[in-house]
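So the chains spell out like this:
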Amino acid sequence: MAGAGGGGNDVQWCFSQVKGAIDDDVAEADIISTVEFNHSGELLATGDKGGRVVIFQQELESKNQPQCRGEYNVYSTFQSHEPEFDYLKSLEIEEKINKIRWLPQKNAAQFLLSTNDKTIKLWKISERDKRPEGYNLKEEDGRYRDPTTVTTLRVPVFQPMDLMVEASPRRVFANAHTYHINSISVNSDCETYLSADDLRINLWNLEITDRSFNIVDIKPANMEELTEVITAAEFHPNQCNTFVYSSSKGTIRLCDMRASALCDQHSKLFEEPEDPSNRSFFSEIISSISDVKFSHSGRYMMTRDYLSVKIWDLNMESRPVETYQVHEYLRSKLCSLYENDCIFDKFECCWNGNDSVVMTGSYNNFFRMFDRGYRQDVTLEASRESSKPRSVLKPRKVCTGGKRKKDEISVDSLDFNKKILHTAWHPQDNIIAVATTNNLYIFQDKL
Amino acid sequence: MDVSAEAKRIMAVSISKLYASRAQRGGMRLHRSLLLSVIMRSARDLYHSACLAKEREELGTAHLVPVTPEEDAMDTTANGEQVEVEVSQVEPEPESPLTPPIQEPMSSDSGAAQGACKTRTFSGKETVEDKENRSPVSPDRHSRKRRGKASVAPDFLPSKRARLSLELGEERVLRTGRRNCCRAGDAFTTLSLNSNRAIAAF
């Protein structure tokens with residue numbers, strides 16, 4: 001059944017493909033910064049620190065190998081954002097792509113929004129597989145013919161050509177954010193979208209670039225009183241009036257745009273009281289939410305903080321309905337993780353197609369899946385070693401203390417430079433895209 | 001003392017990270033700066049508490065709970081935090097070291113001038129306050145915009161706030177005089193108060 005299983009016994013994950021350079025010397029520009037499937041799952045987009053977007057397209061299932069799903073091959077590559085310089089503040093604006101969001105497809109062309117820290121762009125990706133040939137005044141190579149040599153007239157006709165995929169920027173939404181943009185989210189009305197930075201959320205119309213509406217503003221009158229920032233925001237998948245935003249203090253606010261123009265007053269506040277036994281020096285910063293995602297049904301939302309994933313029922317604000325520990329063994333290492341900056345890593349999370357399994361990344365190129373129904377979890381690794389085609393991924397285990405068993409890895413042996421921050425799950429099938437530093441791994445379930 | 005040494009180290013690490021973030025591409029990140037300043041303030045508070053505890057021990061006050069040196073004092077153990085709270089609950093009275101144990105909650109708003117090493121549990125409330133130069137807060141601001149843990153203006157930004165000094169003249173109070181500093185940690189406190197510069201600069 002499509003989208004079912006994940007952490008349960010019935011699903012085995014196999015290596016399918018890996019994209020990106022093999023060498024260990026990673027160019028900073030190649031570091032993947034976002035991964036997103038489109039609504040059908042046929043296209044998979046990645047953004048990197050160099051401001052480029054690479055789109056992969058799934059090949060149609062081969063008739064020769066009906067047991068295999070189609071592979072993802074490069075469909076289009078383009079430079080979405082360039083580095084810019086803010087002369088007023090003497091600041092460089094990074095070209096790194098923070099987020100990509102696809103628009104639902106309405107015609108033959110595909111549209112996506114990509115954003116860096118300051119500017120959002122709407123890109124149109126279209127195919128061209130025919131071109132007109134047989135002009136009267138032009139040669140085939142484009143040179144103009146001498147009109148005196150034209151003796152006959154003909155009607156140009158379309159001839160097939162090699163497929164060409166063109167990406168063109170259709171809209172540029174700029175100059176609306178003082179702080180760094182962390183999220184964009186397309187509304188279910190397919191007409192508007194929101195963009196969120198550290199202190200404000202703006203609402204845009206996809207057609208209008210010269211103005212946006214500010215719908216949330218948490219900037220205090222005195223910046224010295226700042227205690228929290230917005231870390232992520234998302235529109236509800238079905239209700240076009242509802243969106244949520246998460247904060248660095250571990251709270252999530254749900255807002256209804258019908259209530260008022262400025263949604264500073266939340267409709268719901270989701271916050272879990274802190275467990276006093278877990279209180280520590282770094283409690284506050286590990287409670288910062290790095291990602292929030294609605295379930296496809298719209299009934300639940302998932303949040304990711306540094307050590308855990310929480311599932312919230314939108315009808316219950318007092319506490320999450322489910323909490324999954326991603327790497328609890330790191331709780332005693334927070335001081336070291338602070339020193340090496342890992343504590344600031346922003347992990348994302350994602351749902352599978354039918355909301356039964358959730359996935360998120362960890363260190364040592366591990367990623368974790370939690371099956372909500374079977375109450376099982378699994379740790380898998382994206383590595384070159386297990387990159388043989390269709391080889392089944394072996395579950396990994398971290399030894400948290402005591403005697404280390406065979407095949408277990410001890411906490412001290414984990415490589416904190418190898419982190420999986422970005423993952424994506426195909427909207428219908430059990431195909432996942434997992435981004436290590438500069439490689440994109442595609443896994444699928446064993447058919 | 002391990003706790004205070006650890007706190008000092010954390011503060012130093014935080015400050016260096018804050019300064020390093022100024023040079024990074026894309027400019028200072030507000031979220032990161034906020035988290036760094038939160039840690040720095042917590043470390044500073046812990047350092048002051050440890051300093052106070054140390055001074056108390058030296059003064060021979062018997063009612064103090066000794067600060068247990070721990071390997072990873074900063075690492076999440078509930079003990080570390082607990083010790084800090086216990087220490088700060090004691091009313092500081094260095095003048096009378098033989099006073100019987102006083103187990104009243106620390107009234108952090110008390111304006112009483114204290115001894116050489118006065119610290120208070122962080123409360124974020126203004127005590128000795130320069131009302132004239134107080135920063136304006138819009139009254140219709142949402143209640144969740146509560147005062148931050150260190151609404152202390154940065155030391156070296158041009159500011160109209162008067163520098164207040166303790167009557168005892170032993171310590172130089174920085175900024176609004178909301179908190180007093182251990183002499184030993186003076187340098188670090190000066191630096192750690194710069195945490196607000198990171199925020200105020202945005």
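Here, every reference points to the structure presented above.
First, a word on what this report is: a plain description of the structure on this page. (Residues numbered from 1 in each chain as written. Chains lettered and ligands numbered in written order. Predicted model: local features only at pLDDT ≥ 70, side-chain atom pairs only at ≥ 80, totals over all residues. Heavy atoms only, no water.)

1. Here's the deal with the packing of helix H1 (residues 2-23) of chain B against helix H2 (residues 30-59) of chain B
All names here are of chain B.
Argument step 1. Here H1 crosses H2 at 155 degrees, and the two axes come no closer than 8 Å. As the angle between them shows, H1 and H2 are arranged roughly antiparallel. Along this stretch, H1 crosses H2, giving a crossing that reads as left-handed. Within the contact between the two elements, H1 uses Val-3, Ser-4, Ala-7, Lys-8, Ile-10, Met-11, Ser-14, Ile-15, Lys-17, Leu-18 and Ser-21 and H2 uses Arg-32, Ser-33, Leu-36, Ile-39, Met-40, Ala-43, Arg-44, Leu-46, Tyr-47 and Ala-50. (Axes fitted to C-alpha atoms, helices over the stretch in contact; angles between N-to-C directions. Helix = DSSP H or I, 4+ residues; strand = E, 2+ residues; numbered from the N terminus. Parallel < 35°, antiparallel > 145°, perpendicular 65-115°, else oblique. Left-handed = near helix turned anticlockwise from the far one by under 90°. Contact = heavy atoms within 4.5 Å.)

2. With respect to the sheet that holds strand S20 (residues 291-294) of chain A
Residue and element names in this part refer to chain A.
Argument step 1. Strands sit in the order S20-S21-S22-S23 across an open sheet of 4 strands; the sheet is antiparallel. Because the sheet does not close on itself, it has two edges, and the strands there are S20 and strand S23 (322-325). In this sheet, neighbouring strand axes are inclined to one another by 15 degrees on average, regardless of whether the strands run parallel or antiparallel.
Argument step 2. In the sheet, S20 pairs with strand S21 (residues 300-304) via 4 bridges, with the strands oriented antiparallel. (Pairing = 2+ DSSP bridges.)

3. Details of the sheet that holds strand S3 (residues 43-48) of chain A
All names here are of chain A.
Argument step 1. With antiparallel pairing, the 4 strands of this open sheet are ordered in space as S2-S3-S4-S5. Each of the sheet's edge strands pairs with one partner strand only, and the pair in question is strand S2 (32-37) and strand S5 (72-79). When strand polarity is set aside, the average angle formed by the axes of neighbouring strands in this sheet is 20 degrees.
Argument step 2. Bridge count between S2 and S3: 5 bridges; the pairing is antiparallel. Bridging across to S3, Val-35 finds its partner in Thr-46.

4. So, the packing of aromatic side chains
When we look at a pair of aromatic rings, we describe it by the centre distance and by the angle of the planes.
Argument step 1. All chains considered together, the criterion is met by 21 aromatic pairs over all chains.
Argument step 2. With a centroid separation of 6.4 Å and 70 degrees between ring planes, the pair formed by Phe15(A) and Tyr441(A) is classed as edge-to-face. A residue pair is termed long-range when its members are at least 10 positions apart, and Phe15(A) in strand S1 (residues 13-19) and Tyr441(A) in strand S32 (residues 440-445) qualify at 426 residues. Tyr441(A) matches Phe15(A) in its accessibility class, with the two residues each being buried.
Argument step 3. Relative to Phe282(A), the ring of Phe281(A) has its centre 5.1 Å away and its plane inclined at 80 degrees; by these criteria the two rings are edge-to-face.
Argument step 4. Residue classification places Phe282(A) among the buried residues on the basis of a relative accessible area of 0%.
Argument step 5. The residue whose ring lies beneath Arg372(A) is Tyr300(A), and the NZ or CZ to ring-centre distance is 4.7 Å.
Argument step 6. Stacked on the ring of Tyr338(A), the Lys or Arg Lys17(B) has its end atom at 5.6 Å from the ring centre. (Phe/Tyr/Trp six-rings, centres within 6.5 Å; stacked < 30°, edge-to-face > 60°. Buried < 20%, exposed > 50% of the residue type's maximum accessible area, 1.4 Å probe, protein only. Lys NZ or Arg CZ within 6 Å of the ring centre and 35° of its normal.)

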